[in-house]
Amino acid sequence: MICRHVRSLLSDELDGELNEDASEQLRKHLGACEPCADAFRALRRTVRFIQAKGPVDVPADSAERSAERFLAALMSADTDEAELGRVIAEEAQRLTLKGG
Amino acid sequence: MADALALLERAKAGDRDAFGELVEEHRESLRRLCFKMTGSREDAEDLVQDTFLKAFLAMGKFEMRSSLSTWLHRIATNVSLDHQRSRKPWRQERRWEWFQENPELAPQIEQRLYLSPEFVVEAKEVAATCVNCLAMTLPVKQRAALVLCDQLGFSREEASKAMNASIASVKTELHRARTKMTETFERRCALVDSKNECNACIVAGIGQRERRRKQQR
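Nothing here was measured: the structure is a model prediction, and the numbers come from that model. (Residues numbered from 1 in each chain as written. Chains lettered and ligands numbered in written order. Predicted model: local features only at pLDDT ≥ 70, side-chain atom pairs only at ≥ 80, totals over all residues.)

Caption draft 1: Seen up close, the overall build of chain B. If you tally the helices and strands in chain B, you get 12 helices and 0 strands. Going from the N terminus to the C terminus, chain B shows its helices and strands as α-α-α-α-α-α-α-α-α-α-α-α. Residues counted as buried form 42% of the 217 residues belonging to chain B. (Helix = DSSP H or I, 4+ residues; strand = E, 2+ residues; numbered from the N terminus. Buried ≥ 20, exposed ≤ 12 C-beta atoms within 10 Å, placed from the backbone.)

The following block contains the structure:
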């Protein structure tokens, strides 16, 4: 197996989707190739992180909700600077008022 | 079970109340899916309503080859994909840049929005927001594969049905999505790798706090 091929199979290996033969070959490669082994460990860390962060729901008025609004305003392709400033000011004030 | 079947028959015959009773228990799960696909709670609410409307109109055609839940999630996925198709993914770079350009505001924002004494937030919840919003930077099909398979626990086959795509294409999209998320998190996230200094992210404070806590032990 060459590295490029191995990289394309890492997700399948992680999910147990490879057949025994392919999985064994891949494992053999990972045992001998440090960069691919690193890539596999990194993928596994992130996927486990994402899977663990799945169904978290919090009450609508929590701090997380503010984080959402702020990040949406910051990163969304159709927000301009003025809109962003307004969201930041609004959220900051809302939380300050709430915190007393 | 007999009750559920009777409800289903009534719903298929166009009984709104029976339909409402049947689908209500799926509302939360559908809302979560639509929220993760759009990054907006308001849009998610609308899309869940669209899903219910489409489902009600197509109820006569619903055969029990799949469960009602699978069928509803399939409709919701389609509705979300349609909704997002014309929209651009969020811009990840903008987030890192903004925090770099506004270093004086960053602590204030973290303090006020996320880590104020009045609002102690669990790392898990903040990190969930972080994952959601970075998933919004993925092209929409990759996002759908990631949300369905890794966040909602769908099998690849279920995801392929929901996305109207082949299993092979779901695999490809999922792997691309995971690879991109890995590049981001491995480089940036202090929770995934404690060596990282998250200079542009809401978990920065939490990452540092956890590190300090570890050092104190």
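Caption draft 2: Geometry of the overall build of chain A. Scanning chain A from terminus to terminus reveals 5 helices and 0 strands. Each helix (α) and strand (β) of chain A, taken in turn from the N terminus, gives the series α-α-α-α-α. Residues classed as buried in chain A amount to 25% of the 100 residues present.

Caption draft 3: The domain arrangement of chain B, seen in detail. Residue and element names in this part refer to chain B. Under the domain assignment used here, chain B contains domain 1 (2–85) and domain 2 (92–216). Counting residues at the interface gives 12 residues for domain 1, matched by 16 residues for domain 2. For the side of domain 1 that touches domain 2, the element with the highest residue contribution is helix α5 (residues 68–85), accounting for 8 residues. (Domains from an automatic or database assignment. Contact = placed C-beta atoms within 7 Å.)

Caption draft 4: Layout of the nonpolar core. Core analysis: the biggest nonpolar cluster contains 64 residues, and Cys34, Ala76, Ala145, Leu146, Leu148 and Ala159 of chain B have the highest contact counts within it. For Leu148 of chain B, the contacting residues outside a window of four places in its chain are Thr77, Phe154, Ala159 and Ala162 of chain B. (Core = buried A, V, L, I, M, F, W, Y, C linked by C-beta atoms within 7 Å.)

Caption draft 5: View of the packing of helix α4 (residues 41–58) of chain B against α5 of chain B. Residue and element names in this part refer to chain B. Their axes nearest at 9 Å, the elements α4 and α5 cross at an angle of 125 degrees. By the criterion of interaxial angle, the relationship of α4 to α5 is oblique. In this structure, α4 meets α5 at a crossing whose hand is right-handed. Listed contacts from α5 to Asp43, Leu47, Val48, Asp50, Thr51, Lys54 and Ala55 of α4 are Leu72, Ile75, Ala76, Val79, Ser80 and His83. (Axes fitted to C-alpha atoms, helices over the stretch in contact; angles between N-to-C directions. Parallel < 35°, antiparallel > 145°, perpendicular 65-115°, else oblique. Left-handed = near helix turned anticlockwise from the far one by under 90°.)

Caption draft 6: How the structure looks around the environment of Leu191 of chain B. Residue and element names in this part refer to chain B. Here Leu191 shows up in the loop between α11 (167–188) and α12 (204–216). Judged by local crowding, Leu191 falls into the buried class, with 21 C-beta atoms found within 10 Å. The spacing of Leu191 and Thr70 is 121 residues in sequence and 33 Å in space, taken between C-alpha atoms.

Caption draft 7: Geometry of the environment of Ser155 of chain B. Residue and element names in this part refer to chain B. Position of Ser155 among the secondary structure elements: in the loop between α9 (140–151) and α10 (156–163). C-beta crowding within 10 Å serves as the criterion here: with 13 such atoms nearby, Ser155 is assigned to the partly exposed category. Residues Ser155 and Ile167 lie 12 residues apart in sequence; the distance between their C-alpha atoms is 9.9 Å.

Caption draft 8: Region of the structure containing helix α3 (residues 27–38) of chain B. Residue and element names in this part refer to chain B. Here α3 is 12 residues long and its end C-alpha atoms lie 16 Å apart, about the 16 Å a rise of 1.5 Å per residue gives. Of all the residues in α3, the buried ones are Leu30, Arg32, Leu33, Cys34, Phe35, Lys36, Met37 and Thr38. Of the residues one or two after α3, Gly39 is the one with positive phi, at around 75 degrees. (Expected span 1.5 Å × (residues − 1).)

Caption draft 9: Region of interest: unusual backbone geometry. All names here are of chain B. The residue Asn164 is not glycine, and still its phi comes out positive at about 55 degrees. The residue Asn164 is located in the loop between α10 and α11 in this model. For Asn164, a count of 11 C-beta atoms within 10 Å corresponds to the exposed category.

Caption draft 10: Expanded view of the confidence of the model for chain A. Confidence in the prediction of chain A, expressed as mean pLDDT, is 81, and 75% of residues score 70 or more. The lowest-confidence element of chain A is helix α5 (residues 81–99) of chain A, averaging 66 in pLDDT; the highest-confidence one is helix α2 (residues 20–32) of chain A, averaging 97. (pLDDT = per-residue confidence, 0-100.)

Caption draft 11: Quick peek at the packing of α3 of chain B against α4 of chain B. All names here are of chain B. One way to put it is that α3 packs onto α4 with a least axis distance of 8 Å and a crossing angle of 125 degrees. As far as their axial angle goes, α4 and α3 are oblique. Viewed along their axes, α3 and α4 form a crossing whose handedness is right-handed. Contacts between α3 and α4 involve Arg27, Leu30, Arg31, Cys34, Phe35 and Thr38 on the former and, on the latter, Arg41, Asp43, Ala44, Glu45, Leu47, Val48 and Thr51.

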